[in-house]
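# Architecture and fold: a report
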Amino acid sequence: MTTRQRNFLMNGLFLAACAGILLFLLQAPPETTRPLPHDQDHERFMTMKRKEAERHCDACHGPQGVAPLPETHPPKFRCLFCHKRKDPVERP
């Protein structure tokens, strides 16, 4: 195999891999998690760093809070991992 043929083969494999990755990513389901509400209760968390803001979630969303999370809710210590803020803020 000549150098030209080998380069052609490698470029073809690279393009095939890129196309496969692109097709895989295009098949991803739409995001279904609700964003962090931009209301008076959550306004102060819009400018906090993620870890700092997550320390306050349990006050309202804990078992004794005004809006407790259901038992089936995924891990309750990474709120802003799934519930994204609507406004762009500084990320850690």
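For the structure itself, consult the block above.
An account of the accompanying structure is given in this report.

The rules behind the values
Residues numbered from 1 in each chain as written. Predicted model: local features only at pLDDT ≥ 70, side-chain atom pairs only at ≥ 80, totals over all residues. Heavy atoms only, no water. Helix = DSSP H or I, 4+ residues; strand = E, 2+ residues; numbered from the N terminus. Rg over C-alpha atoms; globule rule 2.2 N^0.38 Å. Buried < 20%, exposed > 50% of the residue type's maximum accessible area, 1.4 Å probe, protein only. Contact = heavy atoms within 4.5 Å. Areas by Shrake-Rupley, 256 points an atom, 1.4 Å probe, with all protein chains shown as cover. Core = buried A, V, L, I, M, F, W, Y, C linked by side-chain atoms within 4.5 Å. Phe/Tyr/Trp six-rings, centres within 6.5 Å; stacked < 30°, edge-to-face > 60°. Lys NZ or Arg CZ within 6 Å of the ring centre and 35° of its normal. Lys, Arg positive; Asp, Glu negative; His and termini not counted. Salt bridge = Lys/Arg side-chain N within 4 Å of Asp/Glu carboxyl O. Polar contact = N/O pair within 3.5 Å; in protein donor to acceptor, adjacent residues only side chain to side chain. 1 Å grid on protein atoms, 1.4 Å probe; cavity = no way out; pocket = protein on both sides within 12 Å on 5 of 7 lines; lining within 4 Å. Points joined across faces, edges and corners; volume = space filled by probe spheres on them. Nonpolar A, V, L, I, M, F, W, Y, C, P; charged D, E, K, R; others polar.

### A short note on the overall build of the chain
Of regular secondary structure, the chain possesses four helices and zero strands. Expected size for 92 residues packed as a compact globule is a radius of gyration near 12 Å; at 22 Å, the chain overshoots this value by more than 25%. Seen through its principal axes, the chain has C-alpha atoms that stretch 70 × 30 × 20 Å. Across the 92 residues that make up the chain, the buried fraction comes to 15%. At a minimum sequence separation of 6, the contacts of the chain that also span at least 24 residues come to 57%. Put simply, the chain shows about 8000 Å² of open surface, and 63% of that area lies on carbon and sulfur atoms.

### Overview of the nonpolar core
Counting residues in hydrophobic clusters, the biggest one holds six residues: Leu36, Phe45, Met46, Met48, Ala53 and Leu80. Setting aside residues no more than four positions away along its own chain, Leu36 makes contact with His42, Phe45, Met46, Leu80, His83, Lys84, Arg85 and Lys86.

### Overview of the packing of aromatic side chains
Considering all chains together, one arrives at zero aromatic pairs under this definition. Over the face of the ring belonging to Phe81 we find Lys84, whose NZ or CZ atom lies 5.4 Å from the ring centre.

### Notes on the side chain of Arg85
Tracing the chain through its elements places Arg85 in the segment after helix 4 (79-82). The side chain of Arg85 sits in the buried core without any salt bridge; Glu54 is the nearest counter-charge, 7.4 Å away. Among the polar contacts listed, one links the side chain of Arg85 to the backbone oxygen of Phe45, at a separation of 2.9 Å.

### Notes on the layout of surface pockets
Space inside the largest pocket adds up to approximately 730 Å³. In this structure, the largest pocket is lined by 29 residues; those nearest its centre are Leu36, His42, His61, Leu69 and His83. Of all elements in the fold, only helix 3 (57-61) and helix 4 reach the threshold of two or more residues within the lining of the largest pocket. Of the residues forming the lining of the largest pocket, the biggest block, four residues, is contributed by helix 4. In terms of residue class, the lining of the largest pocket is made up of 18 nonpolar, six polar and five charged.

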